[in-house]
Structures are given as structure tokens and as C-alpha cells.
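Structural overview
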Amino acid sequence: MRLIAIDLDGTLLNHRKEISKENIKAIKYAQSLGIEVIISTGRAYFDALSICKKAQISTYIISYTGASIHSKKGEQISSIPMNKKDVEEAIKYFKEYNFYYEIATSNGIYTHLNSREKLQAETDMIKKANPELDATVLQDTMEIQFNQSGFVFFENYKEVLKKDEDFFSMLAFSFDNFKIKTGRKHFERMKHLSLFSSGSHNFELVNSLASKGNALEKLSALLDISLDQSMAIGDSHNDISMLERVNYSVAMGNANDDIKSLCKFITHSNDDNGVAHAIYKFISSQTIEDYDLSDISLA
Ligand code: CA
């Protein structure tokens, strides 16, 4: 084992969106053995970086679902932005169908001034129509969405399009299942774009050449590490491209059945240090219980 690629949400992060001490220690342990650890996320680079900094871990970061790769020093190694024309077309669709949407660029996560109020209104309507629904789940999911770092609010999308920045990904979010389904169908037809989903309430658009798997392949070649000696850990649809390419594919205990069925191994859930369990199992044949965690000190 020479390389471990780890997804963030639903994988390395627990439901409070934090990296547990056990997971931090396991990553540092792997790194102390010379194993290259890579964070691979749909999040924006600066957002993923702030999460890693908070946990005091330093790794290569694949961000925007593979559209960008950064070194530990923060140098951009690869960049596959969307065409601005595709971005504009998508914005027009999202506006027409009243979607909450975000545009993630190299500098920020852009969203419309009123978008949160609109999403809240849509959520209230759904709650009203489905009183049996657990409203706290909807509310929590929404709060987590708003918890990313780097939000910039705009009044007119044309201001955003004028910016000289790389437009890496767009995210549409709704609790209206029909709306999400219809939106997915619409964008799946577009050749320039790839559509990924990291949850049942969203879909994400990136350049069709970008995926976590493509990015991992590029980075492993650069590091001269074979994917046969690599592990990937993930929980959802946007992880499939990297899980399929590595020798050691690990699904989280909280992953959907379709992800579990394509992986060789299944670890514990994200709230039960699934990443740490997987790391200890494969690199030292020990379990988290019999590994002396006090040996691994924080930087
Ligand atoms: Ca995930």
C-alpha cells in the first residue's frame, strides 16, 4: 500500500462535518510510513484546505470532483474548468426552474442573494405538504450546505461570469425529488458536462473530462505510484470513478448498497471512524483497538 485517496463528506467527515481525532491519527500514521494520503472531494479547494488545516493535516487535494489538483504546498497541479458558455446555460436553466444553485470557482462559491430564502421557502412548502417528514433532517442538510467556507453573494449572475476565474463546478440543490430528477435528466444529455451526485438532494456539474478517478490517475502517475498499490475510500456516486480504478476499494458502512457492491471491502461508518479502521486494517493488520494511538502525535 503506497497511496490512500479519501473522500471528505460522508467518509472522512462525521455528521458534524469534522475529522475525528482517531481519523487524524490514522492519517498521520500512514504518512509516517511514507504512504501518500490524498483528499479527494467535491468541495472547493479553499474549503477542503480549511478543513484540513483545522485538523492539522497536510495532503495533496483533489477538489471540485476532480477538476483541480493541488500539492501539499498549495501549488495547482491540474485544472479542468468548465466552459463559460456551459456555465451560463446552466445558470439560465437553474433560474428558470427556481433551483438553489452554487457556482464554485478558484476564488469563491457564488450564490444569489436571495437563494437561501428561496430554498427555505421551498423546504417549508415541502414540510407543509408532507407533515410526516422529519423536518429536522431537511433543516440539518440545509445548514450543512450553507456551512462551506468561501461564499460570495451576487445580485446578477452576469457579474459573476465576467470574473477572470476558473469556473470548476456548479451545484444544484433541492428537497423536491421531482425537480432534482428532471434537472438530472436535462444535464445528463449534455456532452461537455459530467453530472455527479453526492447525495439525494443535489447534483453537480463539472467539465466532462473531470472526475475523481481521472484526477487520481493523473496524480498517481505523477507520484509514480501504481493504482495496484493504492486504496480509495468513499461513500457515494462521485467516488465510483476512483473506487473502480484502485486495487483496494473501500466503501463506508454508511454508503449506499450500489457503492458497497462495487467495492472489495466495507469499513465502519463515518461516525465510527471508518477511515481509521480501513487504514489500520490494511497497513498494519491491526485494528484501531489494539493500535496504540498515543504514539501518533499531532503536528
Ligand atoms: Ca462523499
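Small disclaimer: the values here were computed from a predicted structure and weren't measured. (Residues numbered from 1 in each chain as written. Predicted model: local features only at pLDDT ≥ 70, side-chain atom pairs only at ≥ 80, totals over all residues. Heavy atoms only, no water.)

**Focus: the nonpolar core**
Among the nonpolar cores identified, the biggest contains 73 residues, and I38, L216, I233 and I279 are the most heavily contacted of them. Beyond its immediate stretch of four places on either side in the chain, I233 contacts I4, A5, I6, D7, T11, M242, L243, V250, M252, V275 and A278. With 23 residues, the next largest nonpolar core counts M82, I91, Y93 and Y157 among its residues. (Core = buried A, V, L, I, M, F, W, Y, C linked by side-chain atoms within 4.5 Å. Buried < 20%, exposed > 50% of the residue type's maximum accessible area, 1.4 Å probe, protein only. Contact = heavy atoms within 4.5 Å.)

**Some words on the packing of aromatic side chains**
Under the defined criterion, the tally for this structure stands at 19 aromatic pairs. Seen in terms of ring centroids, F94 and F187 are 5.3 Å apart; in terms of plane orientation they differ by 45 degrees. Their pairing is tilted. Residue F94 is found in helix α4 (residues 84–96), and its partner F187 is found in helix α8 (residues 177–188); the two are separated by 93 residues along the sequence. Pair check on accessibility: F94 and F187 agree, each one buried. What links up through ring pairs into an aromatic cluster is the set Y93, F94, Y97, F99, Y101, F154, F187 and F203. Taking the ring centre of F146 as reference, the NZ or CZ of R116 above it sits at 4.2 Å. (Phe/Tyr/Trp six-rings, centres within 6.5 Å; stacked < 30°, edge-to-face > 60°. Helix = DSSP H or I, 4+ residues; strand = E, 2+ residues; numbered from the N terminus. Lys NZ or Arg CZ within 6 Å of the ring centre and 35° of its normal.)

**Here's the deal with the environment of S194**
Turning to its location among the elements, S194 is positioned in strand β10 (residues 193–196). The sequence separation of S194 and S230 amounts to 36 residues, and the corresponding C-alpha distance is 25 Å. Contact partners of S194, with chain neighbours within four places excluded, come to E204, L205, V206, N207, S208 and A210. Reaching out from S194, the side chain makes a polar contact with the backbone oxygen of S208 at a distance of 3.4 Å. (Polar contact = N/O pair within 3.5 Å; in protein donor to acceptor, adjacent residues only side chain to side chain.)

**With respect to the sheet that holds strand β8 (residues 151–154)**
Spatial ordering of the open sheet is given by β8-β7-β6-β9-β11-β10, a layout of six strands whose pairing is mixed. At either end of the open sheet lies a strand with only one pairing partner, and these are β8 and β10. With direction set aside, neighbouring strand axes in the sheet form an average angle of 25 degrees. Bridge count between strand β6 (residues 100–105) and strand β9 (residues 167–173): six bridges; the pairing is antiparallel. For Y100, the partnering residue across the bridge sits in β9 and is F173. Running over the sheet, helix α5 (residues 115–129) touches β6, β7 (109–112), β8 and β9 and is turned about 145 degrees from β6. (Pairing = 2+ DSSP bridges. Axes fitted to C-alpha atoms, helices over the stretch in contact; angles between N-to-C directions.)

**Here we look at the pairing of β9**
Summarising burial for β9: seven of the seven residues are buried, a large majority. Strand direction decides the pairing type here: β9 and strand β11 (residues 202–207), joined by five bridges, are antiparallel. Bridge pairing in β11 links M170 to L205.

**So, the environment of N14**
Among the structural elements, N14 can be located in the loop between α1 (8–12) and α2 (21–32). By relative accessible area, which is 9% here, N14 ends up buried. With near-sequence residues (within four places) excluded, N14 lies in contact with N270 and D271. Among the polar contacts made by the side chain of N14, one reaches the main-chain amide nitrogen of R16 at a distance of 2.9 Å.

**Some words on the pattern of salt bridges**
The final tally for this structure, using the stated rule, is 11 salt bridges. As a salt-bridge pair, R245 and E217 come within 2.5 Å of each other at their nearest N and O atoms. Remark: E217 occurs in helix α9 (residues 212–223) and R245 occurs in the loop between α10 (240–243) and β13 (248–251); sequence separation between them is 28 residues. Residue R245 is classed as partly exposed on the basis of its relative accessible area of 28%. Because the salt bridges share partners, they merge into one network encompassing D9, K17, R43 and D47. (Salt bridge = Lys/Arg side-chain N within 4 Å of Asp/Glu carboxyl O.)

**Quick notes on α9**
For α9, which comprises 12 residues, the first-to-last C-alpha distance of 16 Å matches the rise-based estimate of 16 Å (1.5 Å per residue) to within 8%. All of the buried residues in α9 are K212, G213, A215, L216, L219, S220 and L223. In an axial view of α9, the angular spread of the buried residues amounts to 160 degrees, which keeps them on one side of the axis. Turned more than 90 degrees away from the buried face of α9 sit A221 and L222, all of them exposed. Positive backbone phi, at 60 degrees, marks D224, one or two positions downstream of α9. (Expected span 1.5 Å × (residues − 1). Arc of directions from axis to C-beta.)

**Some points on α8**
Here α8 contains 12 residues, and its C-alpha end-to-end distance of 16 Å stays within 8% of the 16 Å for a straight helix at 1.5 Å per residue. Buried within α8 we find K179, I180, G183 and F187. The arc that holds the buried residues of α8, viewed along the axis, is 95 degrees, so those residues lie on one side. Relative to its buried face, α8 has exposed residues pointing more than 90 degrees away, namely N177, F178, K181, K185 and E188. For α8, the elements touching its buried residues are α4, α5, β9, β10 and β11. Measuring from the backbone nitrogen of F178 back to the side-chain oxygen at the start of α8 gives 3.1 Å, which picks out D176 as the cap.

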